[in-house]
Amino acid sequence: MSSATATAPAVNAAATTRPRESRAALYASLGLLALLLVAWQILPTALAVPKYIIPTLSDCLVEFGRMWTSESLLANTASTALYTILGFAIGSALGAALGYLLGMSEFWEKVLSPYILALQIAPKVAFAPLFIMWFGYNAMPKLLVTVLIVFFPVLVNVLQAMRTVDRDLVNLARAYNLSRFQIFLKVEMPSTLPNLMAGLRIASTLAVIGVTVGELVGGNTGLGFLISYGGGQANAAMVFNAIILLTVIGFLLYSALVRAETRLLHYLPKAQF
Amino acid sequence: MALEFRGVTKQFTTNSGAVLTAIRDVTFKVNEGEFVSVVGPSGCGKSTLLSMTAGLYQPTTGEVLVSDQPVTGPNDHVGFMLQKDLLLPWRNIVKNIEFGLEARGAAPGPRRERAMAELKRCHLAGFENHYPYQLSGGMRQRAALARTLAIDPEIILLDEPFSALDAQTKLLLQDSFAATIAESGKTTLLITHDLSEAVLMSDRILVLSERPGTVLTEIKVELPHRAHPLKRRVMPEVGEYAGQIFRHLKLEEKAI
Ligand SMILES: Nc1ncnc2c1ncn2[C@@H]1O[C@H](COP(=O)(O)OP(=O)(O)O)[C@@H](O)[C@H]1O
Ligand SMILES: [Mg+2]
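Residues numbered from 1 in each chain as written. Chains lettered and ligands numbered in written order. Predicted model: local features only at pLDDT ≥ 70, side-chain atom pairs only at ≥ 80, totals over all residues. Heavy atoms only, no water.

Segmentation of chain A into domains returns domain 1 (1-49) and domain 2 (57-264). Its C-alpha centre places domain 1 of chain A at a distance of 29 Å from the equivalent point of domain 2 of chain A. (Domains from an automatic or database assignment.)

Looking now at the sheet that holds strand E6 (residues 78-81) of chain B. Residues and elements named next belong to chain B. Ordered in space as E6-E7-E8-E3-E9-E10, the six strands form an open sheet in which the pairing is mixed. Two strands lie at the open edges of the sheet, namely E6 and strand E10 (215-220), each paired on one side alone. Mean inter-strand twist for the sheet, computed between neighbouring axes without regard to direction, equals 15°. Two elements, strand E7 (residues 155-159) and strand E8 (residues 187-192), share five bridges in a ladder whose sense is parallel. The residue bridging Leu-158 from the neighbouring strand is Leu-190, located in E8. With respect to the sheet, helix H5 (residues 167-184) is in contact with strand E3 (35-39), E6, E7 and E8, its orientation differing from that of E7 by roughly 165°. (Pairing = 2+ DSSP bridges. Helix = DSSP H or I, 4+ residues; strand = E, 2+ residues; numbered from the N terminus. Axes fitted to C-alpha atoms, helices over the stretch in contact; angles between N-to-C directions. Contact = heavy atoms within 4.5 Å.)

The next thing to look at is the site of ligand 1. Residue and element names in this part refer to chain B. Around ligand 1 sit Phe-12, Leu-20, Ala-22, Ser-42, Gly-43, Cys-44, Gly-45, Lys-46, Ser-47, Thr-48 and Arg-211, and those are all the residues in its vicinity. In this structure, Arg-211 approaches ligand 1 through a side-chain N or O atom, which is 2.7 Å from an oxygen atom. For ligand 1, the accessible surface in isolation is 550 Å², of which the surrounding protein chains cover 64%. Where the shell around ligand 1 is concerned, the elements lending two or more residues are strand E2 (19-30) and helix H1 (46-53). (Near = heavy atom within 4 Å. Polar contact = N/O pair within 3.5 Å; in protein donor to acceptor, adjacent residues only side chain to side chain. Areas by Shrake-Rupley, 256 points an atom, 1.4 Å probe, with all protein chains shown as cover.)

A word on helix H2 (residues 57-70) of chain A. Residue pairs spaced three or four apart in an α-helix point in one direction, given the helix's 3.6 residues per turn. Residue and element names in this part refer to chain A. In this model, H2 (14 residues) spans 20 Å end to end at C-alpha, consistent with the 20 Å of a helix rising 1.5 Å per residue. Listed as buried for H2 are Cys-60, Glu-63 and Met-67. The arc that holds every buried residue of H2, seen down its axis, measures 65°, which confines them to one face. Turned more than 90 degrees from where H2 packs its buried face, Leu-61, Val-62 and Thr-69 sit exposed. (Expected span 1.5 Å × (residues − 1). Buried < 20%, exposed > 50% of the residue type's maximum accessible area, 1.4 Å probe, protein only. Arc of directions from axis to C-beta.)

To continue, consider the pairing of E8(B). Residue and element names in this part refer to chain B. Within E8, six of the six residues are buried, leaving the element largely enclosed by the surrounding structure. Residues Thr-187, Leu-189 and Ile-191 line one face of E8 and the alternating positions Thr-188, Leu-190 and Thr-192 line the opposite face, and both faces are buried. Note that E3 and E8 share five bridges and pair parallel. When the bridges of E8 are listed, Val-39 appears paired with Thr-192. Once you follow E7 into H5 and on to E8, the crossover reads as right-handed. (Right-handed = clockwise from strand over helix to strand, strands pointing away.)

All names here are of chain B. Tracing the backbone through its elements, the reader meets Asp-85 in the loop between E6 and helix H2 (93-98). By relative accessible area, Asp-85 is classed as buried at 18%. A polar contact is formed between the side chain of Asp-85 and the backbone nitrogen of Leu-87, at a distance of 2.8 Å. Apart from the residues lying within four places of it in its own chain, the contact partners of Asp-85 are Arg-140, Gln-141, Ala-144 and Arg-147.

Attention shifts here to the nonpolar core. In this structure, Leu3(B), Phe5(B), Phe28(B), Phe80(B), Ile205(B) and Ile245(B) are the most contacted members of the largest nonpolar core, which totals 108 residues. For this core, the leading source of residues is helix H8 (residues 180-218) of chain A, giving nine residues. Beyond its immediate stretch of four places on either side in the chain, Leu3(B) contacts Phe28(B), Lys29(B), Val30(B), Thr53(B), Val64(B), Leu65(B), Val66(B), Ile155(B) and Leu189(B). (Core = buried A, V, L, I, M, F, W, Y, C linked by side-chain atoms within 4.5 Å.)

Structural data, given as structure tokens:
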């Protein structure tokens, strides 16, 4: 009991220094952002760079307004966000499921690992035209590209983690007469959770790429479509805006995962600097 | 008889395909309530004895009996703990202690009660909601002991449980383990390479040879205070016993 209360002040001390430092970092970040925005507004004009090469901040804002009213920007953004999340969810669910299945069967892992490696190396975005030939100009190709691109980092991370689960921990569970499924649920799953989350984080950034490529190659909706459309018209501001919105979508997905991760993995000791 | 090895030999096939005899023709008995230590050079098959007692794998020849029943697989009679505490980092301490009870279909209420009782017995009251990373190495080993005792095994197997601890923590933990085990009355097999630890904690010591491990000799420790290693520690006989084991292991000849 005495040590329990003794540790409390230490935790508090860490808690008070932490926010102060991170607040300073936050201010510095915001300051840098303001500086970049100002440079973006002033430099292209000052250096006489034409608008179709690098539009200024205000050019982009004006274009944003135009896109909002005449290019159904909201609908296009929503569509891209939807397929990013959908592709991410399906791809990572499949990747995790196969990762766990192969992780439990050494035989099948050996059988399938060369193919997995080959597919992992193959550039997934190159499949986009093929999918369009197969499925036509609809949402299917971009969804498939996204699923495919998301699938592998999750699969590989889970598989790797399943291989390195502490054998002694599994033996302890066996000695306690836990069934194979209970061992998976109570030991292997939670042991691999940090790696699964790391895989999901990587996958979330790739999901945006998958959808964008799908829309670039063969779409008539979404931010990727707006990029190729704007590019065809030499409307650099439109391309800039679409890229920024894609980044925002990726960033939001990534942040949501980081938040989920910190909640789920609260039991890992935090690195003290 | 709480635990009995009858002519047990264990061979492993190594990755290169060679056959490695870890222990050969090991025979010994451990009486109920007795505290027996196994000492021997590293790699002589001490942990192998433990794994076979726990039923994780079978002897190549011979028989292992727990409470006169041949061990054919993992069973409720044996609880073991290792040098690593093997606490699940994502569970708090009380849930870790409950871990071994979960395959038995006990209702959550009584299970929690049982875990809390062991937690108190192992001097961890107040830490039930802490996570393993918040505890010191010694406290984590006490939690591992509580988890081991919670399943109420007939035999406790301890595989070098103190060897990762600093010298002071080790002495205190040996004392605390000895008292807890004496109070519970459990039959205990302690594997160690620390000769004085074996003398301080045991009723009897089995000395194993180098690999393939065989029982070189048994030494009965005729000292009082088995439940209090710290009291034994100051007795002059401890050094004599340790010296005796030392000679059986022929350590002088190897110290070149
Ligand atoms: N599963 C296994 N496969 C192959 N060899 C093993 C296995 N387990 C143990 N051994 C070998 O058996 C010998 C005894 O191991 P162990 O019982 O761990 O020794 P100790 O605990 O006394 O240090 C060692 O040489 C070890 O390499
Ligand atoms: Mg060992």
